[in-house]
Amino acid sequence: MAREPRVLGMVLAGGEGKRLWPLTADRAKPAVPFGGTYRLIDFALSNLVNGGYLRIAVLTQYKSHSLDRHIAATWQLSTLFGNYVVPVPAQMRRGPRWFSGSADAIYQNLNLIGDEKPDVICVFGADHVYRVDPRQMVAQHVASGAGVTVAGLRVPVEQATAFGVMELAPDGKRIRAFREKPQFPLGVPDDPDQAMVSMGNYVFDAKVLVEAVTADSKDSASSHDIGGDIIPMLVDRGDAQVFDFANSFVPGVSEREHGYWRDIGTLDAYYDAHMDLISPDPIFNLYNRDWPILGRPDRLPPAKFVFDEPGRTGLAVDSMVCAGVIVSGGVVRRSVLSPEVVVRQSAEVDGSVLLDGVDVGAGAVVRNSIVDKNVVIEPGASLGVDIERDRDRFVVSPGGIVVVGKGERVRA
């Protein structure tokens, strides 16, 4: 009986996230809060841990303090069997420089691979919202004998111009070309109207990955990027195949959620992904206990709703409300309230995402907004009501979502 492959997880968490500013003003993109009690990185880590892959290195770089603290406080695996989730900052092992790309991040940490001696390495991105069972990717990868297996998502060809597109051989598995944001994407062999785009998750043969990033490090013309340089290198060698996300099966996932994947690359994508959570039959279900998304343990009192009187009724409808929230005579609709948010008398919150500790003053109105931690919204103030006025004070996304940075004060 063949032994199970030894698997090491490497999560690429060095993203700066400029398009998510001001949410990334004080934190790395993977550390951006999501869904009330989670950080973006929790989705990649949950998929790996639920799949039984319990040795994971998180490669960090930009503004990593918040991310490091989150991992230390949340992702404490049992060390009895050598399990760990450990943040690994740029250590300048290959010279006095930071990581110059995702491939360089792995190259500068080849000592981790040498210490673990894995057969297979799962290299996952840290800023997507989705569920996948990585064991299925690993099983297909090992059976195929390929150097790399790339997770692929089918999208309409007209939408594929925003992604890295894989052109497949007639067997629908081998990748014969990889094109970054092509003007005219080609469809997959069994459906010309659907293109196969990269999801930013990869399973590598360990020796192939080590050889590839080492060769790439010597190429002065390279951008040292996994998707931009390493994958095309292996495609040209005929050593790359696709894992079709449409064939993924995850316990507890409904037909409606099957195939759900969101790249949280922009403020509008961040907002839309939150709206996906709050419908009665959500497109992405955080309440799946068969494949849970794991996050920080809250040590807070339960949420509280007070007052039921004319003009001040504390209630929340079609919303997610976290521990420690107090809705004191205000009304919340279609929103996500993170821990310790306070909504005061006669305030209205509609279609918004409020992060930890936001205080919404009496009579204030908040619509179609993202409000970062510890913001004070003064009594009678408004957000999302007069977009042009908001544009002078705050960030407004292309989709018209008002975004208030951490610790700011919204004046009446």
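Quick caveat: nothing in here was measured; it's all calculated off a predicted structure.

Student: What's the story with the overall build of the protein chain in this structure? I'm lost.
Tutor: The helix and strand tally for the protein chain stands at nine helices and 32 strands. The C-alpha radius of gyration computed for the protein chain amounts to 22 Å, which stays within 12% of the reference 22 Å derived for 412 residues, consistent with globular compactness. With respect to the principal axes defined by its C-alpha atoms, the protein chain has extents near 70 × 50 × 45 Å. Here the protein chain holds 412 residues, and the buried ones make up 54% of them. Partitioning the intrachain contacts of the protein chain with sequence separation of at least 6 by distance along the chain shows that 59% fall at a separation of at least 24. Counting every atom, the protein chain has about 17800 Å² of accessible surface; 50% of that belongs to carbon and sulfur. Charge centroids of the protein chain, computed over 43 positive and 51 negative side chains, lie 5 Å from each other.

Student: How should the packing of helix α6 (residues 206-217) against helix α7 (residues 226-236) be read in this particular structure?
Tutor: The axes of two packed helices give the description: the angle between them and the distance between them. Orientation of α6 relative to α7, taken along the N-to-C sense of each, is 115°, at an axis distance of 10 Å. As α6 packs across α7, the resulting crossing turns out to be right-handed. Each of Val-208, Ala-212, Val-213 and Asp-216 in α6 lies in contact with α7, whose residues at this interface are Asp-229, Ile-230, Met-233 and Leu-234. Its residues placed into classes, the contact of α6 with α7 shows six nonpolar, no polar and two charged.

Student: What exactly am I supposed to notice about the pattern of salt bridges here?
Tutor: When the charged atoms of two side chains with opposite charge come close together, those side chains can pair. Applying the stated criterion to the full structure yields 22 salt bridges. A salt bridge links Asp-372 to Arg-27; the shortest N-O distance between them is 3.0 Å. Linking Asp-372 in the loop between β27 (369-371) and β28 (376-377) with Arg-27 in the loop between β1 (7-13) and β2 (33-34), this pair joins segments that are 345 residues apart in sequence. Of the two residues, Asp-372 and Arg-27, neither departs from the other in class, the shared state being buried.

Student: Please explain the sheet that holds strand β17 (residues 315-317) as it appears in this structure.
Tutor: What links the strands of a sheet is backbone hydrogen bonding, and the strands pair in either a parallel or an antiparallel sense. Across the sheet, five strands lie side by side as β17-β20-β23-β26-β29; this open sheet has parallel pairing. Single-partner strands in this sheet number two, and they are β17 and β29 (382-383). Both strand β20 (residues 331-333) and strand β23 (residues 348-350) contribute to a ladder of three bridges, which runs parallel. In the strand pairing of β23, Val-332 is matched with Val-349.

Student: What am I meant to see in the nonpolar core here?
Tutor: Ranked by size, the top nonpolar core spans 39 residues in total, and within it Ile-106, Phe-204, Ile-226 and Ile-231 carry the most contacts. Excluding residues within four positions of it along the chain, Ile-106 makes contact with Met-10, Leu-12, Leu-59, Ile-113, Val-123, Leu-209, Val-213 and Ile-226. Formed by 37 residues, the second largest nonpolar core is a distinct cluster that contains Ala-13, Leu-45, Trp-75 and Leu-153.

Student: Would you mind showing me how to read the sheet that holds β27 here?
Tutor: Spatially, the six strands line up as an open sheet ordered β18-β21-β24-β27-β31-β30, and their pairing is mixed. In this open sheet, the two strands that pair with only one neighbour each are β18 (320-321) and β30 (395-396). Bridge count between β27 and strand β31 (residues 402-404): three bridges; the pairing is parallel. Its bridge partner being in β31, Ser-369 is matched across the sheet by Val-402.

Student: When you look at the packing of aromatic side chains in this model, what are you seeing that I'm missing?
Tutor: When we look at a pair of aromatic rings, we describe it by the centre distance and by the angle of the planes. Scanning the entire structure with this criterion turns up seven aromatic pairs. Pairing Tyr-38 with Phe-43 gives two aromatic rings, centres 6.1 Å apart and planes at 50°, and the pair type is tilted. Residue Tyr-38 shares its accessibility class with Phe-43, and that shared class is buried. Taken together through their ring pairs, the aromatic side chains of Phe-34, Tyr-38, Phe-43, Tyr-260, Tyr-270 and Phe-284 make up a single cluster. The aromatic ring of Phe-307 is capped on one face by Arg-312, whose charged end is 3.8 Å from the ring centroid.

Student: In this structure, what is going on with empty space enclosed by the protein? I would like to understand it.
Tutor: Gaps between atoms show up when a probe of the same size as a water molecule is rolled over them. Enumeration according to the criterion identifies two cavities of 30 Å³ or more in this entry. Space inside the largest cavity adds up to approximately 80 Å³. Surrounding the largest cavity, Arg-131, Phe-245, Ser-248, Phe-249, Val-250, Val-253, Glu-257, His-258, Gly-259, Tyr-260 and Phe-284 form its lining. Counted by class, the lining of the largest cavity contains six nonpolar, three polar and two charged residues. Every residue along the wall of the second largest cavity is listed here: Pro-33, Gly-36, Thr-37, Tyr-38, Arg-39, His-70, Arg-296, Asp-356 and Lys-373. Class assignment for the residues of the lining of the second largest cavity results in two nonpolar, three polar and four charged.

Student: Looking at this structure, how should I read the layout of surface pockets?
Tutor: Approximately 1500 Å³ is the volume attributed to the largest pocket. Surrounding the largest pocket, 49 residues form its lining, Arg-19, Lys-29, Asp-127, His-128 and Asp-263 being those nearest its centre. Among the elements of the structure, β1, β4 (55-60), α3 (102-107), β8 (148-156), β10 (175-180), β11 (194-205), α7 and β13 (261-263) are those that each provide at least two residues to the lining of the largest pocket. When residues of the lining of the largest pocket are assigned to their parent elements, the largest contribution, five residues, is made by β11. Taken together, the residues of the lining of the largest pocket break down into 20 nonpolar, 18 polar and 11 charged.

Student: It is not clear to me how helix α5 (residues 134-144) should be interpreted in this structure. Could you clarify?
Tutor: Owing to its 3.6 residues per turn, the α-helix brings residues three or four apart onto one side. For α5, the complete set of buried residues consists of Pro-134, Met-137, Val-138 and His-141. What you see down the axis of α5 is that its buried residues fit within an arc of 95°, all on one side. In the core, the buried residues of α5 are packed alongside β1, α1 (41-50), β6 (120-125), β8, β11 and β12 (240-244). In the stretch just after α5, Gly-145 is the one whose phi turns positive, near 75°.

What counts, and where the lines are drawn
Residues numbered from 1 in each chain as written. Predicted model: local features only at pLDDT ≥ 70, side-chain atom pairs only at ≥ 80, totals over all residues. Heavy atoms only, no water. Helix = DSSP H or I, 4+ residues; strand = E, 2+ residues; numbered from the N terminus. Rg over C-alpha atoms; globule rule 2.2 N^0.38 Å. Buried < 20%, exposed > 50% of the residue type's maximum accessible area, 1.4 Å probe, protein only. Contact = heavy atoms within 4.5 Å. Areas by Shrake-Rupley, 256 points an atom, 1.4 Å probe, with all protein chains shown as cover. Lys, Arg positive; Asp, Glu negative; His and termini not counted. Charge placed at Lys NZ, Arg CZ, Asp CG, Glu CD. Axes fitted to C-alpha atoms, helices over the stretch in contact; angles between N-to-C directions. Left-handed = near helix turned anticlockwise from the far one by under 90°. Nonpolar A, V, L, I, M, F, W, Y, C, P; charged D, E, K, R; others polar. Salt bridge = Lys/Arg side-chain N within 4 Å of Asp/Glu carboxyl O. Pairing = 2+ DSSP bridges. Core = buried A, V, L, I, M, F, W, Y, C linked by side-chain atoms within 4.5 Å. Phe/Tyr/Trp six-rings, centres within 6.5 Å; stacked < 30°, edge-to-face > 60°. Lys NZ or Arg CZ within 6 Å of the ring centre and 35° of its normal. 1 Å grid on protein atoms, 1.4 Å probe; cavity = no way out; pocket = protein on both sides within 12 Å on 5 of 7 lines; lining within 4 Å. Points joined across faces, edges and corners; volume = space filled by probe spheres on them. Arc of directions from axis to C-beta.

Take it as geometry only, folks, not as evidence of what the structure does.
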